[in-house]
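Examining the three-dimensional arrangement
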Amino acid sequence: MRQILNVVTDRGSKYAVTGFDVTNRAEIDAALKELKRDKKFAKATHNTWAAVLSDGTPIKGDDGESGAGMVIMRMLERAELQDHMIVVTRWYGGTKLGGDRFRRVQDCVNAYLESA
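To keep things clear, this report deals only with the structure shown in the data block. (Residues numbered from 1 in each chain as written. Predicted model: local features only at pLDDT ≥ 70, side-chain atom pairs only at ≥ 80, totals over all residues. Heavy atoms only, no water.)

Thoughts on the nonpolar core
Residues Ile72, Ile86, Val88, Val105 and Val109 are the most contacted members of the largest nonpolar core, which totals 18 residues. Taken together, the elements giving at least two residues each to this core come down to strand 2 (13–21), strand 3 (46–52), helix 3 (68–78), strand 5 (84–91) and helix 4 (100–115). Among the elements that make up this core, the one with the highest residue count is helix 3 (six residues). Apart from the residues within four sequence positions on either side, valine 105 is in contact with Ala68, Val71, Ile72 and Val88. (Core = buried A, V, L, I, M, F, W, Y, C linked by side-chain atoms within 4.5 Å. Buried < 20%, exposed > 50% of the residue type's maximum accessible area, 1.4 Å probe, protein only. Helix = DSSP H or I, 4+ residues; strand = E, 2+ residues; numbered from the N terminus. Contact = heavy atoms within 4.5 Å.)

Right under this line is the structure:
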């Protein structure tokens, strides 16, 4: 597991990004469970994630942040990163971000990919 905390803050919402090596859905579920063992992440508003498995199968979860999983998945596909899951965590700050929420997800994924 690799993690970057406090990647970006926007109108009170705070974001973090976490990555895990995964090869199947069971490992994805185990990684999410591991992340949520930390109460801070368990209480987050959204833990949005995506992975592209080595057989090319894309898999994602929006966790209530509709469309955000697809943003992560497309970025993974462009980076040609397989068997790796990226989770973008958001703690809602009280102000709706509208379409800017997708930019913040992209900021988190970019920070993660650049730190590799």
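Structural notes on the environment of valine 52
With respect to the helices and strands, the residue valine 52 is situated in strand 3. With 21 residues separating them in the primary sequence, valine 52 and methionine 73 have C-alpha atoms 7.1 Å apart.

These values are about where atoms sit, not about what they do.
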